[in-house]
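Commentary on secondary and tertiary structure
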Amino acid sequence: MKFAIVAALLAVSLCLSTAAPLAEEVEPIAPYAEENYRLPTIITPSNYNITLKPYLMDSDGAKQFTFDGECYITIKSSVNTNNLVLHSRNLKYTLREYYAKSNPTQKFTLPNAEPNTVTDIVTYQLTNQLVAGQEYVLHFIYTGTMDDDMHGFYRSSYVDPKGNTKWLGSTQFQRNEARRAFPSFDEPRFRATFDVTLVRHKSMKTYANTRLASSTTDGDYVTDRYMTTPNMPTYILAFIVSEFNERFNGEFGVIARPEFYHQTEYAFDVGQLTLKAFDDYFDLPYYSLGNDKMHMAAIPDFSAGAMENWGLLTYRERSLLYEHGSTTLSAQQSIAGVVAHEQAHMWFGDLVTCEWWSYTWLNEGFARYFQYFGTNWVETHYQMDQQFVVDQIQTVMNMDSTNSTNPMSDENTNTNEELARMFNSISYNKGGTFIRMVSHVMGEENFKQSLREYLKAHKFTNTVPNDLFTVWKKYIPTQFQTYADGLFKSFTEQVGYPVVTFNLTSANTLVISQKRFLLKENDGSDSKLLYTVPITYTTNVENDFKTTTPKLFITPTQTQTTVTLPSNVNWIVGNIQETGYYRVNYDVKSWHGIHHALLSNNWGGIHELNRAQIVDDLFNLARASVIDYDLALDILAYLKTETNYLPWTAAFNGYSYLAIRLGVDTKDFAAYIRDMTSKAYDLLGFDEKKTDTSLDIYNRAKILSWSCKYGKTECISKAQELFKNLDEKPVPVNIRSAVYCTAMREGTEADFDKLFNKYLTETVATEVTLILNNLGCVKDSKLVKKYYDIIVSDKVRRQDKSAALSSLYSENNENVEPVFDLVTAGYEALAESMGGYSSVATVISNIASRFTTTQQEAKLKNFNNQNKSKFGTSARTLENAEKTVAENLLWAQNKMGPFKQHLQNYGKGGSASLTGFTALTMVLFAALARFLC
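Read on for a plain summary of the structure. (Residues numbered from 1 in each chain as written. Predicted model: local features only at pLDDT ≥ 70, side-chain atom pairs only at ≥ 80, totals over all residues. Heavy atoms only, no water.)

1. Points about the overall build of the protein chain
Note the threshold: Secondary structure elements are taken from DSSP: a helix is a run of H or I of four residues or more, a strand is a run of E of two residues or more, and numbering for both begins at the N terminus. Atoms counted for the radius of gyration: C-alpha only. Globule rule: 2.2 Å times the number of residues to the power 0.38. Between buried and exposed lies partly exposed: a residue is buried under 20% and exposed over 50% of the maximum accessible area for its type, with that area taken using a 1.4 Å probe on protein chains only. Should any heavy atoms of two residues lie within 4.5 Å, those residues are considered in contact. Surface accessibility follows the Shrake-Rupley procedure with a 1.4 Å probe radius. Residue values consider only the protein chains on display as shielding. Think of it this way: Lys and Arg go in the positive column, Asp and Glu in the negative one, and His and the chain ends go nowhere. Just so you know, the charge point we use is NZ for Lys, CZ for Arg, CG for Asp and CD for Glu.
On a plain count of helices and strands, the protein chain comes out with 29 helices and 29 strands. For the protein chain, whose C-alpha radius of gyration is 29 Å, the value lies close to the compact-globule estimate of 30 Å for 933 residues. For the protein chain, the spread of C-alpha atoms along the principal axes amounts to about 105 × 70 × 55 Å. Across the 933 residues of the protein chain, 59% fall into the buried class. For the protein chain, the proportion of contacts with a sequence separation of at least 24, taken over those separated by at least 6, is 73%. With an accessible surface of roughly 35,100 Å², the protein chain has 50% of that area assigned to carbon and sulfur atoms. Each charge class in the protein chain was averaged separately, 87 positive and 102 negative side chains, and the resulting centres sit 2 Å apart.

2. Focus on helix α17 (residues 694-709)
To keep it simple, the criterion reads: How far a helix is expected to stretch is found by multiplying one less than its residue total by 1.5 Å.
Here α17 spans 23 Å end to end across 16 residues, near enough to the 22 Å set by a 1.5 Å rise per residue. The set of residues buried in α17 consists of Ser694, Leu695, Ile697, Tyr698, Asn699, Arg700, Ile703, Leu704, Trp706, Ser707 and Cys708.

3. Some remarks on the pairing of strand β17 (residues 294-299)
Filter applied, for reference: A pair of strands is considered paired only if DSSP assigns at least 2 bridges between the two. By convention a crossover is right-handed if, when the strands point away from the viewer, the path from the first strand over the helix to the second runs clockwise.
By the criterion of burial, β17 is predominantly enclosed, with six of the six residues buried. Judged by which residues are buried, β17 turns out to be covered on both faces: Met294, Met296 and Ala298 on one side and His295, Ala297 and Ile299 on the other are all buried. Looking at chain direction, strand β16 (residues 252-256) and β17 are connected through four bridges and run parallel. Its bridge partner being in β17, valine 254 is matched across the sheet by methionine 296. Following the chain from β16 across helix α2 (residues 265-282) to the adjacent parallel β17, one finds a crossover that is left-handed.

4. With respect to the sheet that holds strand β12 (residues 212-218)
Within the open sheet, the eight strands sit side by side as β5-β4-β7-β2-β1-β10-β13-β12. Their pairing is mixed. Among the strands making up the open sheet, the edge pair consists of β5 (108-109) and β12. In this structure, strand β4 (residues 92-100) lies alongside strand β7 (residues 135-145), joined through eight bridges in antiparallel fashion. Bridged to lysine 92 within β7 is threonine 143.

5. Examining the side chain of histidine 345
Relative to the elements of secondary structure, histidine 345 occurs in the loop between α3 (329-344) and β20 (352-354). Classification of histidine 345 as buried rests on a relative accessible area of 0%. Sequence-distant contacts of histidine 345, that is, excluding residues within four places in its chain, are made with Glu308, Asp350, Asn363, Glu364 and Ala367.

6. Some points on the packing of helix α7 (residues 425-442) against helix α10 (residues 484-492)
Keep this limit in mind: Inter-axis angles, ranging from 0 to 180 degrees, are taken between N-to-C directions of lines fitted to C-alpha atoms, where helices are fitted over the stretch in contact. An angle below 35 degrees is read as roughly parallel, one above 145 as roughly antiparallel, one from 65 to 115 as roughly perpendicular, and any other as oblique. Note: crossing handedness is left-handed where the near helix turns anticlockwise from the far helix by less than a right angle, and right-handed where it turns clockwise. Residue type decides the class: Asp, Glu, Lys and Arg count as charged, Ala, Val, Leu, Ile, Met, Phe, Trp, Tyr, Cys and Pro as nonpolar, and the leftover types, Gly among them, as polar.
Close contact between α7 and α10 brings their axes to 11 Å; oriented N to C, the two are set at 165 degrees. In terms of orientation, α7 and α10 fall into the roughly antiparallel class. Read as a crossing pair, α7 and α10 show a hand that is right-handed. Contact residues: α7 offers Lys430, Phe434, Met437, Val438 and Val441, while α10 offers Leu487, Phe488, Phe491 and Thr492. Of the residues belonging to the contact of α7 with α10, the class tally is seven nonpolar, one polar and one charged.

7. Concerning empty space enclosed by the protein
Let me state the cut-off plainly: Whether a set of points on the 1 Å grid over the protein atoms alone is a cavity depends on a 1.4 Å probe fitting there but being unable to get out, while an open set qualifies as a pocket with protein on both sides within 12 Å along at least five of seven lines; lining residues are those with an atom within 4 Å of a point. Grid points are joined across faces, edges and corners, and a volume is the space filled by probe spheres set on the points.
With the rule as written, the count across this model stands at four cavities of 30 Å³ or more. Reported here for the largest cavity is a volume of approximately 120 Å³. As for the largest cavity, its lining consists of 17 residues, of which Tyr37, Asn176, Arg179, Trp356 and Leu419 are closest to the centre. The residue makeup of the lining of the largest cavity, split by class, is six nonpolar, six polar and five charged.

8. Description of unusual backbone geometry
At the junction of glutamine 174 and arginine 175, the peptide bond is cis and its omega measures out at 10 degrees in the coordinates. Examined against the element boundaries, arginine 175 turns out to sit in the loop between β9 (165-172) and β10 (193-201). In this structure, serine 625 is a non-glycine residue whose phi angle is positive, near 65 degrees. Relative to the assigned elements, serine 625 resides in the loop between α12 (608-623) and α13 (629-636).

9. Looking at the sheet that holds strand β18 (residues 306-307)
Taking strand neighbours across the sheet as the criterion, the five strands line up as β15-β16-β17-β19-β18 in an open arrangement whose pairing is mixed. Looking at which strands have only one partner, the edges of the open sheet turn out to be β15 (245-248) and β18.

10. Some details on the packing of aromatic side chains
The geometry of two aromatic rings is summed up by the distance between their centres and the angle between their planes. As a reminder of what qualifies: Note on ring pairs: Phe, Tyr and Trp rings are taken, using the six-membered ring of Trp, and paired if centres are within 6.5 Å. Classes follow the plane angle, with under 30 degrees stacked, over 60 edge-to-face and the rest tilted. In this analysis the charged atom, NZ for Lys or CZ for Arg, is taken to sit over a ring once it is within 6 Å of the ring centre and within 35 degrees of the ring normal.
Within the structure shown, the criterion is met by 80 aromatic pairs. With a centroid separation of 5.4 Å and 50 degrees between ring planes, the pair formed by phenylalanine 67 and phenylalanine 153 is classed as tilted. With phenylalanine 67 in strand β2 (residues 66-77) and phenylalanine 153 in strand β8 (residues 152-159), this residue pair connects regions lying 86 residues apart in the sequence. The class for phenylalanine 153 is buried, based on a relative accessible area of 2%. Geometrically, the ring pair formed by phenylalanine 752 and phenylalanine 756 is stacked, given 6.1 Å between the ring centres and 10 degrees between the ring planes. Here phenylalanine 752 pairs with phenylalanine 756, and both are found in helix α20 (residues 749-761), just four residues apart, close to one helical turn. Side by side, phenylalanine 752 and phenylalanine 756 carry an identical accessibility label, which is buried. Over the face of the ring belonging to tryptophan 356 we find arginine 38, whose NZ or CZ atom lies 3.7 Å from the ring centre.

11. Notes on the pattern of salt bridges
Threshold: Salt bridge, as used here, is a side-chain nitrogen of Lys or Arg placed within 4 Å of a carboxyl oxygen of Asp or Glu.
This structure, assessed with the given rule, holds 53 salt bridges. Residue aspartate 485 is joined to lysine 473 by a salt bridge in which the shortest nitrogen-to-oxygen separation is 3.1 Å. In this pair, aspartate 485 sits in helix α10 while lysine 473 sits in helix α9 (residues 465-475), placing the two residues twelve residues apart along the sequence. For lysine 473, a relative accessible area of 30% gives the class partly exposed. Here the salt bridges share partners, and the residues they tie into one network are Arg89, Asp120, Asp147, Asp149, Glu177, Arg179, Arg180 and Asp186.

12. Overview of the state of the cysteines
Which entries qualify depends on this criterion: We call a pair of cysteine sulfur atoms a disulfide when they lie within 2.5 Å.
Counted by the stated rule, this structure contains two disulfides. Paired by a disulfide, cysteine 708 and cysteine 715 hold their sulfur atoms 1.9 Å apart. Since a negative S-S torsion denotes a left-handed disulfide, the cysteine 708-cysteine 715 link at about -90 degrees is left-handed. The pair formed by cysteine 708 and cysteine 715 is uniform in burial state, with each residue classed as buried. Between the sulfur atoms of cysteine 741 and its disulfide mate cysteine 777 the distance is 2.0 Å. Judged by the sign of its S-S torsion, about -100 degrees, the cystine formed by cysteine 741 and cysteine 777 is left-handed.

13. Here's the deal with the packing of helix α14 (residues 645-662) against α17
The geometry of α14 relative to α17 is characterised by a closest axis approach of 9 Å and an angle of 30 degrees between their N-to-C directions. With respect to α17, the element α14 is oriented roughly parallel. At the point where α14 passes α17, the crossing takes the left-handed sense. Counted together, Tyr645, Leu646, Trp648, Thr649, Phe652, Tyr655 and Ser656 of α14 and Leu695, Tyr698, Asn699, Lys702, Ile703 and Trp706 of α17 form the full contact between these two elements.

14. Focus: the layout of surface pockets
In this structure, the second largest pocket occupies an estimated 1,100 Å³ of space. Around the second largest pocket sit 39 residues that line it, and Ser157, Tyr158, Arg257, Lys795 and Arg797 are the ones nearest its centre. Looking at the lining of the second largest pocket, the elements that each hand over two or more residues are β8, β9, α20, α21 (765-775) and α23 (798-810). No other element matches the five residues that β8 contributes to the lining of the second largest pocket. Among the residues making up the lining of the second largest pocket, the classes are represented as 13 nonpolar, ten polar and 16 charged.

15. Focus: the side chain of aspartate 616
Just so we agree on the cut-off: The term polar contact refers here to a pair of N or O atoms within 3.5 Å; inside protein, the definition further demands a hydrogen-donor-capable atom paired with an acceptor-capable atom, and it admits residues adjacent in sequence only when both atoms are side-chain atoms.
By the secondary structure assignment, aspartate 616 is in helix α12. For aspartate 616, the side chain forms a polar contact with the side chain of arginine 583, separated by 2.8 Å. Apart from the residues within four sequence positions on either side, aspartate 616 is in contact with Gln394, Met397, Arg583 and Ala650.

Structure follows, in structure tokens:
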């Protein structure tokens, strides 16, 4: 009887409670750049004829790591002009001249002029005017350097099986590095064709965007001439000079070091399948677009993950090369996904290009979308269509609810810093998320037809978002037409996204409202931003988690929308399969109705994606004080029954933030995690099963990693035993990360040396990366210093240093301050190692974001006061780090109390325990609340 009375009183109190509102934040827009970063459009190029001779041999002496260049550019002006304006950087000219194409014998010397050191723009004042409509040819002879910074026409190297260092030349021109290889109109809107000639030593080979047209030999050097490219921007031109071999069938090929030939088979196979799938989907076959071959090349040193050069796609080795038994299933999936991403760019980016980097999402959003959904056509077992939600939507939501965000379409894009910003998760993740949302509004068939029309209408041209929206509006269903403009503009021109509140005011009356979602309060952001939002939902009556067509839209002009449901309901879940870009909050009664459903058989039939959404929303709504942590954690207790990958991935992302804020005080949290994961741990274990799905395999790796990290004795002992026998029996490939990391965290210097020696001799790039990241799991202070010194040395490639260093301070909270001390004590050496002070500033900022004490904050301030002047423009990163630390400390002071209390109660068998009393309470709790209210 007491139980019933208490439950009734609690239910009444719920009727009177509402969720707290959330304040908003967004990064203030920076002022327009004072410099003129853009070229005038009156002069346009139509063709580049480029000859380059790199010097890569030791016998080249002083010329080694330089190149000779000659470039002819055919141009036309739309008006009479005496000004010639284009880009150049770090090129030394011995000849600069121009002439009318109709009169090549009458040449005019270009006056001496140097590029602006900020914008790379060089302006030539011509003595002989360019006449409108007439073609001219610019002629340059010059030299350049092949640096090791992985940009422009740069040098890379590897050691072959015989111990010989092999040098190669490769390119990375996006965003604005083509100007380092040849004078150019180096913006995406200046499309042209390219005729490339490469002069190489006879011991090497060359590759370029198109097929080889001819080769001629002159002594020790060979001249390779390539066929003319399609009409395209400068940034997707590419060439390689190396001793690589290829796996090639006459149209499609994969290029890599000779000793890695056998690792190219998977990319070769999946690449052809994916390319054919895109051919069919877009109804524009790749080989009909003006380039009848495709190569994908694995480059030892590569700054980006991969690059969409038309016909010569370049990748990090780990992003392209696969070896059975050594490459994890997750890494294999990543290879397939990155291949799909870069191939999708052949249509979105190469054939049709964004007009300027303000609209990078027109390229990258579609590439990210098809990275998942294109791969899903040919490798369905990965279930990448499902993973998109936890990998892309939920990760970008965090950034897009802070003041570091920016709009997808941002006119304020000029400086290098601003250009770099446009290649962040807003263009990629949010871009893909927005595209997915539109596809569900349209329906799949309409969506496909709209993309076909867009590509055919704009092929070989540049576009702005309105070009896409104009086509999309033709395919938006009639009932949604009035919302199309609002949908497009509110999510691309505004920052952020809303939290949509579903309030069941009675058993069949739903009131829907929206507010911009932000994680922090009072930072000066515009809290009044509202959006045009497609609304989907289902209830326990329908239990339809398949229909993702919107039931209605809410708009900025509506304060709230009232819906009468056809029957009384016990629970409602909004945003089916998280197809919309918004969070969902509920009245407290509805939250408990959802909780009751999650505790019932098969989680009440709630879709796995929506369970992941509920988990992610709970963590973040509580973090932002929209709901209380007590409520969120009570509902999250259902996770003890959860065994599936997607909800657990969302959960681990949420727990990770709280674990960081706990600092070194993790004893209660460790016990909590061990208990919460116990059912999944027991179900999955260490051994793969024939019935495992890909997501089961991924979930096993996560559950083992967290269980071992937080002290599950059996997990640790099994991992140590597997590592101990490493030399006799390889660790099962898909749990290697958990095993290696546990062995480092719990092990000795001998264990570290054992794994590090494996890194030194490993020949599979994916395994090299896995080892590097898990060496950072060490906790012993001596080993932390030892691994830090290794990272700074040349034993770790520059492209891998950031990830290796991140693992050293992120895998164990105890390492945060020691690694900060190492970095700040040797920041100059680290800058030399990583290629600049901006990289070090980023490292310091990332470490500081994990600070949990005022003493650590004081260390940061002291370092900045003494040294930030040496960081140039990156000093701003250090200053922002101080703000982040202060905000985090304040947040923890105000918010961590309930979480810590919850952990303590959980350890005592208190409110968080899923006892029979708790479960029964929840059932009656929800039922009484619904009845009484």
